[in-house]
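So the chains spell out like this:
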Amino acid sequence: MTLTTPHTDGLQVEGVALATLAERFGTPCYVYSRAALTAAHAAYRDALAAHGMRGRSLICYAVKANSNLAILDLFARLGAGFDIVSGGELDRVIKAGGRADKVVFSGVGKSRQEMQKALKAGIRCFNVESASELGQLNEEAGRLGLIAPISLRVNPDVDAKTHPYIATGLKSAKFGIDIEQAFDLYLRAAAMPHLAVKGIDCHIGSQLLDPAPAAEAVGKVLALTDRLAAAGLPLEHIDIGGGIGIQYQADEPAPAVADYLAPLLAQFADRREHLILEPGRSLVGNAGLLLTRVMVLKPGTDKNFAVVDAAMNDLMRPALYDAWHDIVPVAAAGKVGPGDTALPWEIVGPVCESGDFLGHQRKLALHEGDLLAILSAGAYGMAMASNYNSRPRAAEVMIDGGEAHLIRRRETVGELYALEACLP
Ligand SMILES: *Cc1c(COP(=O)(O)O)cnc(C)c1O
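About the thresholds
- Once a new chain begins, its residue numbering starts again from 1 and follows that chain's sequence as written.
- Only residues with pLDDT of at least 70 are given local features in this predicted model, and only at 80 or more are side-chain atom pairs given and counted; all residues enter the totals for whole chains, interfaces and linings.
- Note that the side-chain values use all heavy atoms of the structure and ignore hydrogens as well as water.
- In this text, helices come from DSSP runs of H or I with a minimum length of four residues, and strands from runs of E with a minimum of two, each type numbered from the N-terminal end.
- A radius of gyration in this sense is built from C-alpha atoms; the matching globule rule multiplies 2.2 Å by the number of residues raised to 0.38.
- In this scheme, a residue with accessible area under 20% of its type's maximum is buried, one over 50% is exposed, and one in between is partly exposed, where area comes from a 1.4 Å probe on protein chains only.
- Note on contacts: a residue pair is in contact if any heavy atoms of the two residues lie within 4.5 Å.
- We score Asp and Glu as negative and Lys and Arg as positive, and we do not count His or the chain ends.
- A single reference atom marks each charge: NZ on Lys, CZ on Arg, CG on Asp, CD on Glu.
- For each domain, the first and last residues come from an automatic or database assignment.
- Summed over both partners, buried area is the accessible surface (1.4 Å probe) that two parts give up on being assembled.
- Any Lys or Arg side-chain nitrogen located within 4 Å of an Asp or Glu carboxyl oxygen qualifies as a salt bridge.
- We call Phe, Tyr and Trp rings a pair once their centres come within 6.5 Å, taking the six-membered ring for Trp, and we label the pair stacked below 30 degrees between planes, edge-to-face above 60, and tilted otherwise.
- Sitting over a ring, as applied to charges here, requires NZ of Lys or CZ of Arg to be within 6 Å of the ring centre and within 35 degrees of the ring normal.
- All axes here are fitted lines through C-alpha atoms, helices being fitted over the stretch that makes contact, and every angle between N-to-C directions spans 0 to 180 degrees.
- Small angles under 35 degrees read as roughly parallel and large ones over 145 as roughly antiparallel, with 65 to 115 read as roughly perpendicular and the rest as oblique.
- Helix crossings fall into two classes, left-handed where the near helix is turned counterclockwise from the far one by less than a right angle and right-handed where it is turned clockwise.
- Any residue outside Ala, Val, Leu, Ile, Met, Phe, Trp, Tyr, Cys, Pro, Asp, Glu, Lys and Arg is labelled polar, Gly included; the first ten of those are nonpolar and the last four are charged.
- Residue proximity to a molecule or strand is established when one non-hydrogen atom of the residue lies within 4 Å of it.
- Nitrogen and oxygen atoms within 3.5 Å of one another constitute a polar contact, given that in protein one can donate a hydrogen and the other can accept it, and given that sequence-neighbouring residues count only through two side-chain atoms.
- Accessible surface is estimated by sampling points in the Shrake-Rupley manner with a 1.4 Å probe; for residues, cover comes only from the protein chains shown.

Draft legend 1. Summary view of the overall build of the chain. A count of helical and extended segments in the chain gives 12 helices and 20 strands. Expected size for 424 residues packed as a compact globule is a radius of gyration near 22 Å; at 23 Å, the chain falls within 12% of this value. Its C-alpha atoms put the chain at 75 × 60 × 40 Å along the principal axes. Within the chain, the fraction of its 424 residues that count as buried is 53%. At a minimum sequence separation of 6, the contacts of the chain that also span at least 24 residues come to 70%. One way to put it: in the chain the 40 positive side-chain charges average out to a point 5 Å from where the 48 negative ones average out.

Draft legend 2. Inspection of the domain arrangement of the chain at higher detail. On domain assignment, one finds that the chain holds domain 1 (3–32 + 285–416) and domain 2 (34–281). When each unit is reduced to the centre of its C-alpha atoms, the spacing between domain 1 and domain 2 is 33 Å. Listed by partner, the interface residues are 24 residues for domain 1 and 19 residues for domain 2. With both chains or domains summed, domain 1 and domain 2 bury close to 1,900 Å², and 56% of this area falls on carbon and sulfur atoms. Between Asp400 and Arg34 there is a salt bridge, with its nearest N and O atoms 3.1 Å apart. When contributions to the side of domain 1 that touches domain 2 are tallied by element, the ones reaching two or more residues are α11 (317–321), β19 (395–400) and β20 (403–408).

Draft legend 3. Representation of the packing of aromatic side chains. Within this structure, the stated rule accounts for four aromatic pairs. Summarising the aromatic geometry, the rings of Tyr30 and Tyr32 are spaced 6.2 Å apart at their centres and angled 5° between planes, so their arrangement reads as stacked. The pair Tyr30 / Tyr32 is uniform in exposure class, with both members buried. Ring-pair connections join several aromatic residues into one group, and the members of that group are Tyr61, Phe75 and Phe82. Its guanidinium or amino end placed over the ring of Phe105, Lys110 lies 5.4 Å from that ring's centre, counting from NZ or CZ. If you follow Arg227 out to its NZ or CZ, it ends over the ring of Phe183, 3.8 Å from the centre.

Draft legend 4. Layout of the packing of helix α4 (residues 87–95) against helix α5 (residues 112–121). Following both chains from N to C, one finds α4 and α5 inclined at 30°, their axes separated by 9 Å at the closest point. Relative to α5, the element α4 lies roughly parallel. The crossing of α4 and α5 is left-handed. The residues of α5 that touch α4, namely those facing Gly87, Leu90 and Asp91, are Glu114, Lys117, Ala118 and Ala121. Residue classes in the contact of α4 with α5 are distributed as three nonpolar, one polar and three charged.

Draft legend 5. Here's a closer look at the pattern of salt bridges. Tallied over the entire structure, the rule returns 18 salt bridges. Note that Glu140 is salt-bridged to Arg112, the shortest N-O span being 2.8 Å. Taken together, the residues span a long stretch of sequence, with Glu140 in helix α6 (residues 131–144) and Arg112 in helix α5 at a distance of 28 residues. Judged by its relative accessible area of 28%, Arg112 falls in the partly exposed class. Residue classification places Glu140 among the buried residues on the basis of a relative accessible area of 1%. Salt bridges sharing partners connect three or more residues here, namely Arg112, Glu139, Glu140 and Arg143.

Draft legend 6. Summary view of the site of the ligand. As a matter of local geometry, the ligand sits amid 14 residues, with Lys64, Ser206, Glu278, Arg281 and Tyr380 nearest to it. A distance of 2.7 Å separates an oxygen atom of the ligand from a polar side-chain atom of Lys64. Gly243 places a polar main-chain atom, nitrogen or oxygen, 2.8 Å from an oxygen atom of the ligand. A total of 390 Å² of accessible area belongs to the ligand in isolation, and the protein chains cover 95% of it. Split into classes, the residues belonging to the shell around the ligand amount to three nonpolar, six polar and five charged.

Written as structure tokens, this is what we have:
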């Protein structure tokens, strides 16, 4: 939300004018700020330090939120670990300079190849999500002559009170192991020769604004941890997942990271286990925006459509979750002409789907050619982008101390069909 600053030349990020970036790199274009990414990481580090947890915790950035190598490299340099959900993400982490021994591997469906790759790399922990996965992992580790470090991802059956597509902690979700059954499964895991039981984890959902459900889940996880210790199975770490929500709208009651974490960290005061966190959105979401240009204005009797050059293939969240992103003009406020009146616009992309929208009923004074910034687009933006309608994916730029660096060039159309072949 606070990524841009107003200036007489229009909106800036870290002192660089967005209009200049649009000229240099074209639109649509994702723009990230190194300072904002660093500050988001510092908020976690400081919250942990305030609870005396700095030396016994690891922040594992959830790669799926934004997997650009430059972002992974930045977090690796800050000492972060990584939460991955595929073998591909492990490759990215290693390529970016991340350490395998700081990687935790989540996900309900890990292939045997992915298990082997992660075992050979020597990751810190597999977050196992089913009895069947335990058996498969034990087999693969045995085949390689290795021991697989594991935790069980338990499903604590709490309602995270978020969008149903991103709620993961209810009994009805595909994620995790029913916490009622986890005790017995731990005993089975401890008896498997090629597994080492290391920890426990849970992740109840995403874009969580109220810490109460997560605090409740942590309470259940700690109770199970104590029960296991009493049965002779002490755990080394407790992974409380990610999910902290960010502010997408000015009046949204998004918590500060420190405030959200306080009731969770308080439960660790008298404990000795290491704590792992898996934040994604809250590290990158408000450190990025999507820069787009108005192509066509279609004022109408029913609705006014502003067709911009970014679309649902670039930023899927509005179409997928009916998510809100603030959309602001890049030009300085004073540059609005005297005859300009703000109208409620449907901000839509050129993709051939009625679900292709970026914002509904946004009151703006618009002209064709104007630049718009779609805010809070750093998480689940580029990471979910597709080539639907044969649209090359956008460029990505990172601002670092007044310098703009291209961290992913725009795709070319030729690259989109380079892997295809016609029949002979
Ligand atoms: C997606 C995911 C995260 C990150 O969630 P955010 O809401 O982006 O913080 C963490 N852990 C697991 C297992 C996930 O699937």
